[in-house]
Amino acid sequence: EKGGFEHFMLKEIHEQPLTLRKTMLDRINKENDVVFEGLDLTPADFDKIYIIGCGTAYHAGLIGKNVIEKLTRIPVEVDIASEFRYRDPIVNDKSLVIVVSQSGETADTLAALQESHRRGAKVLAITNVPSSTIARDADYVVPTMAGPEIAVASTKAYTAQLITFYLLGIYLAQEKGTLDDLYRVSLVQALKELPMQVENILDDAYELKLFAQSIKNKKNLFFIGRGLDFAVALEGSLKLKEISYIHSEAYAAGELKHGSLALVEEGTPIIALITQQDLYEKTVSNIKEVKARGADVMGITLEVNVDLFNVVDEVCFIPKTNALFTPILSVVPLQLISYYTSLALGNDIDKPRNLAKSVTVE
Ligand code: F6R
């Protein structure tokens, strides 16, 4: 049942090229338009989009916000479901609420959906379980095709959520009429290359295993990045804590000197995500700040940035793609680092302590 893998988590990480392909299937036509059969969404009907989820689904939403705003110029807010419900959100019949849930059964996310309905909003669910309560209660359902996810730590569901947000963002921009044809075609072509690119990253995990060995006895670790890289940093940090039990935090790289830099000392491991070319120099200067305090830095960057070797201790390269799509690639090394760290520590990887796969209590 684990398909020859030692754990479900590793199997699910390796399924991603396939689950990404499945989630894109039938969503792109011959003309490279994005199609969502039966989704009669008119962007002009709403002036604001809310994205709501918990944990990893919330982290996918942070990427979704970035992508939808960039492509459609419609303002998007992202909320943690357990916060959204209690903050008297300004949601009304001009709002589109997108709830994200792998299981489709998370209590807080379901309650946020119901609260949105009470306030007159239409709700679209991105879920991996089309027969779930959230799918049943939503006005629109876009299924992720990740297949059953058994490991508590979410991997393939997250990347399926990301690719769904990319498709949805392109679709909404298309419907709004704001997407240049040539740009759309280049985006769609880049999307189609992602599964193969994930495969390439998976084929070469040797350095990541060594890195996992080097951090397994550390007490603290930090992830840093700007923009989309910060959103991925949050996911990487969550993944590492939930299965390795090592304390870690993710910081927006530019925020370090506003307080957290005080935590960096000789030998503190830092994983720096640096895939957004327009922010490259800015993040490099943040990396130099932590290096100057003795941090050991692993950089995750695009293959073109070979010069990062001059700044950090180790580099993990990811293939070139559109700047919006790097999260699907950069999260894969982070998933593997978490997995191999947990493995080195002898933890129960698929069933980490204190956690349940589906959180049906508030
Ligand atoms: C982390 C993880 C959790 C879930 C969260 C929401 O690896 O799996 O953070 O993402 O509990 O679950 P769903 O997506 O089922 O609503």
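Residues numbered from 1 in each chain as written. Predicted model: local features only at pLDDT ≥ 70, side-chain atom pairs only at ≥ 80, totals over all residues. Heavy atoms only, no water.

As annotated in an unreviewed UniProt entry, the chain is Glutamine--fructose-6-phosphate aminotransferase [isomerizing] from Ammoniphilus resinae. The heading Function (unreviewed entry) in the UniProt record of the chain holds the text "Catalyzes the first step in hexosamine metabolism, converting fructose-6P into glucosamine-6P using glutamine as a nitrogen source." Of the comments in the UniProt record for the chain, the one headed Catalytic activity (unreviewed entry) reads "D-fructose 6-phosphate + L-glutamine = D-glucosamine 6-phosphate + L-glutamate". (UniProt positions renumbered as here; feature names shortened; annotations may be inferred.)

Considering the overall build of the chain
Scanning the chain from terminus to terminus reveals 12 helices and 10 strands. Computed over C-alpha atoms, the radius of gyration of the chain comes to 20 Å, within 12% of the 21 Å expected from 2.2 N^0.38 for 362 residues, which places it in the range of a compact globule. Considered along the principal axes of its C-alpha atoms, the chain spans approximately 55 × 45 × 45 Å. When each of the 362 residues of the chain is scored for burial, the buried share is 59%. Within the chain, residue pairs in contact and separated by at least 24 positions form 76% of the contacts whose partners lie at least 6 positions apart. Accessible surface for the chain amounts to roughly 15000 Å². Of this, 50% is attributable to carbon and sulfur atoms. Positive and negative side-chain charges in the chain, numbering 37 and 49 respectively, have mean positions lying 2 Å apart. (Helix = DSSP H or I, 4+ residues; strand = E, 2+ residues; numbered from the N terminus. Rg over C-alpha atoms; globule rule 2.2 N^0.38 Å. Buried < 20%, exposed > 50% of the residue type's maximum accessible area, 1.4 Å probe, protein only. Contact = heavy atoms within 4.5 Å. Areas by Shrake-Rupley, 256 points an atom, 1.4 Å probe, with all protein chains shown as cover. Lys, Arg positive; Asp, Glu negative; His and termini not counted. Charge placed at Lys NZ, Arg CZ, Asp CG, Glu CD.)

A closer look at the site of the ligand
Neighbouring residues of the ligand: 14 residues in total, closest Ser101, Gln102, Ser103, Thr106 and Glu242. One of the side-chain nitrogen or oxygen atoms of Ser103 is found 2.7 Å away from an oxygen atom of the ligand. One nitrogen or oxygen atom from the main chain of Val152 is found 3.2 Å from an oxygen atom belonging to the ligand. Out of a free accessible area of 410 Å², the ligand has 89% covered by protein chains. According to the grid-proximity analysis, the pocket containing the ligand is the largest pocket. Within the residue set of the shell around the ligand, elements represented by two or more residues are helix H3 (55-72) and helix H10 (228-244). When the residues that make up the shell around the ligand are grouped by side-chain class, the tally is five nonpolar, seven polar and two charged. (Near = heavy atom within 4 Å. Polar contact = N/O pair within 3.5 Å; in protein donor to acceptor, adjacent residues only side chain to side chain. 1 Å grid on protein atoms, 1.4 Å probe; cavity = no way out; pocket = protein on both sides within 12 Å on 5 of 7 lines; lining within 4 Å. Sits in = over half its atoms within 2 Å of the grid points. Nonpolar A, V, L, I, M, F, W, Y, C, P; charged D, E, K, R; others polar.)

Brief notes about the pairing of strand E3 (residues 95-101)
Within E3, seven of the seven residues are buried, leaving the element largely enclosed by the surrounding structure. Taken together, the five bridges between strand E1 (residues 48-53) and E3 define a ladder with parallel strand orientation. Of the residues in E3, the one forming a bridge with Ile49 is Leu96. When E3 meets strand E4 (residues 122-127), the two strands line up parallel, connected through six bridges. Bridge pairing in E4 places Leu96 opposite Lys122. Where the polypeptide runs from E3 across helix H5 (residues 107-118) and back to E4, its parallel neighbour, the crossover connection is right-handed. (Pairing = 2+ DSSP bridges. Right-handed = clockwise from strand over helix to strand, strands pointing away.)

Structural notes on the packing of helix H2 (residues 16-24) against helix H7 (residues 156-176)
For the pair H2 and H7, the least separation of the axes is 9 Å and the interaxial angle reads 35 degrees. Of the two possible hands of crossing, H2 and H7 adopt the one that is right-handed. Where H2 approaches H7, its residues Gln16, Thr19, Leu20, Thr23 and Met24 are matched on the opposing element by Lys156, Thr159, Ala160, Ile163, Thr164 and Leu167. Counted by class, the contact of H2 with H7 contains five nonpolar, five polar and one charged residues. (Axes fitted to C-alpha atoms, helices over the stretch in contact; angles between N-to-C directions. Left-handed = near helix turned anticlockwise from the far one by under 90°.)

Quick look at helix H9 (residues 206-215)
Turning to H9, its buried residues are Leu208, Phe211, Ala212 and Ile215. Down the axis of H9, the buried side of the element spans an arc of 105 degrees, and every buried residue falls inside it. Where H9 is buried, its residues contact strand E6 (220-225), H10, strand E8 (269-274), strand E9 (296-302), strand E10 (314-318) and helix H12 (326-345). (Arc of directions from axis to C-beta.)

A look at the pairing of E9
The buried fraction of E9 amounts to six of the seven residues, a majority that puts the element mostly inside the structure. In the sheet, E8 pairs with E9 via six bridges, with the strands oriented parallel. Following the sheet pairing, Ala272 is matched in E9 by Gly299. Note that the unit made of E8, helix H11 (residues 280-292) and E9 has a crossover that is right-handed. As paired elements, E9 and E10 share five bridges and run parallel to each other. From the neighbouring strand, Ile300 faces E10, where its bridge partner is Cys316.

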